[in-house]
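Secondary and tertiary structure notes
Okay, here's what each chain looks like letter by letter:
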Amino acid sequence: RESRNDDTPTRHGESLPGAALDFSHGDVNASGFEPTPGALDAFVQGVHRGGSQAYTEYRGDAAIREKLAIGLSAFSGHPVSAAEEVIITPGTQSALFLAIASTVTTGDKVAIVQPDYFANRKLVEFMGAQMIPVRLDYLNSTVHAGLDLQQLESAFKEGAKVFLFSNPNNPTGAVYSRSEIAQIAGLAERFGVTVIVDQLYSRLLYEGQPYVHLRRLATGADNVITIMGPSKTESLSGYRLGVAFGSARLVQRMEKLQAIVSLRAPGYC
């Protein structure tokens, strides 16, 4: 931030305050990146449906979950049960909170990637858990994302009960290779670790970039929660929509917590 002095620029004889640019987050400009066609029409239809749309089940409207389960099954390469393994949330941030709060408590150890989405650290700290950082050497790896798998295994040996990461990585954009995903899945199964993977950017890949879903390779799928949403790909930031799918046991816990925190996702959306 610039300090004002005698050389402060002026407009029409008035002093202008020092300008600052905030790079801590990205805001979507709807005028430049409009929501996917039909989104507003669907919203209006929901408004016209009234209360039956506004007050859905705590996990989200059953018909919408059925449609989501079909798409998510095809996309992730692993069957998804609409009734037991899907929950619609008020944004992916809420899905992340619900997943962590349903698996982490005071004193627990949680393995998190560094660098990764800034809220991961904040949420783990809020729960009173202990973070075990796992290095991502994204600058020196061209074939892989650069995850230090030895550090990850050490974190599990030290007692980390949850592993939290984003793929593609936020903020670097690094995409985990099939080998890395397979080793993450294998280590998590061997040590009985719950894995929460944020795949918000998984549909924004450069042409030819291979991508492997953790859920597809995780034989112990009862310990995996995947988070996705339309805020980036469909330019629906502000509609507050997200989805988490995976372990039926964890989705049930997330539903109970959502019923307390927000009741449900915004119905008209």
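In case you missed it, the structure is sitting above this.
The structure contained in this document is the topic of the report that follows. (Residues numbered from 1 in each chain as written. Predicted model: local features only at pLDDT ≥ 70, side-chain atom pairs only at ≥ 80, totals over all residues. Heavy atoms only, no water.)

Turning our attention to the layout of surface pockets. Volume-wise, the largest pocket comes out at about 990 Å³. What lines the largest pocket is a set of 35 residues, among which Ile64, Leu68, Pro230, Leu241 and Cys269 lie closest to the centre. For the lining of the largest pocket, the secondary-structure elements that each account for two or more residues are helix 1 (39-49), helix 3 (62-76) and strand 9 (242-246). Residue contributions to the lining of the largest pocket peak at seven residues, all from helix 3. In terms of residue class, the lining of the largest pocket is built from 19 nonpolar, eleven polar and five charged. (1 Å grid on protein atoms, 1.4 Å probe; cavity = no way out; pocket = protein on both sides within 12 Å on 5 of 7 lines; lining within 4 Å. Points joined across faces, edges and corners; volume = space filled by probe spheres on them. Helix = DSSP H or I, 4+ residues; strand = E, 2+ residues; numbered from the N terminus. Nonpolar A, V, L, I, M, F, W, Y, C, P; charged D, E, K, R; others polar.)

What follows concerns helix 7 (residues 178-191). For helix 7, spanning 14 residues, the distance from its first C-alpha to its last is 20 Å, which sits close to the expected 20 Å at 1.5 Å a residue. Just downstream of helix 7 lies Gly192, where phi reads positive at about 65 degrees. (Expected span 1.5 Å × (residues − 1).)

Take the sheet that holds strand 4 (residues 109-114) next. Read from one edge to the other, the open sheet built from seven strands follows the order 3-9-8-7-6-4-5, with strand pairing classed as mixed. Each edge of the open sheet carries a strand with a single partner, namely strand 3 (86-89) and strand 5 (130-135). Between one strand axis and the next, the sheet turns by 20 degrees as a mean value, whatever way the strands run. In terms of strand pairing, strand 8 (residues 224-228) meets strand 9 through four bridges, oriented antiparallel. (Pairing = 2+ DSSP bridges. Axes fitted to C-alpha atoms, helices over the stretch in contact; angles between N-to-C directions.)

Time to look at the packing of aromatic side chains. Counting across every chain of the model gives seven aromatic pairs. Measuring from ring centre to ring centre gives 5.0 Å for Phe163 and Phe165, while their planes differ by 15 degrees; the resulting arrangement is stacked. On the basis of relative accessible area, Phe163 is assigned to the buried category, the value being 0%. Among the residues examined, Phe165 registers a relative accessible area of 1% and is labelled buried. Measuring from centroid to centroid gives 5.0 Å for Phe165 and Tyr176, while their planes differ by 65 degrees, and the two rings are edge-to-face. Taken as a pair, Phe165 in strand 6 (residues 160-166) and Tyr176 in the loop between strand 6 and helix 7 lie far apart in primary sequence, eleven residues in all. (Phe/Tyr/Trp six-rings, centres within 6.5 Å; stacked < 30°, edge-to-face > 60°. Buried < 20%, exposed > 50% of the residue type's maximum accessible area, 1.4 Å probe, protein only.)

Another point: the pairing of strand 8. For strand 8, a buried count of five out of five residues is recorded, marking the element as mostly surrounded by other parts of the structure. Burial of strand 8 is two-sided: the residues Val224, Thr226 and Met228 facing one way and the residues Ile225 and Ile227 facing the other way are all buried. Here strand 7 (residues 194-198) pairs with strand 8 via four bridges, running parallel. Paired with Val195 across the two strands is Val224, which belongs to strand 8.

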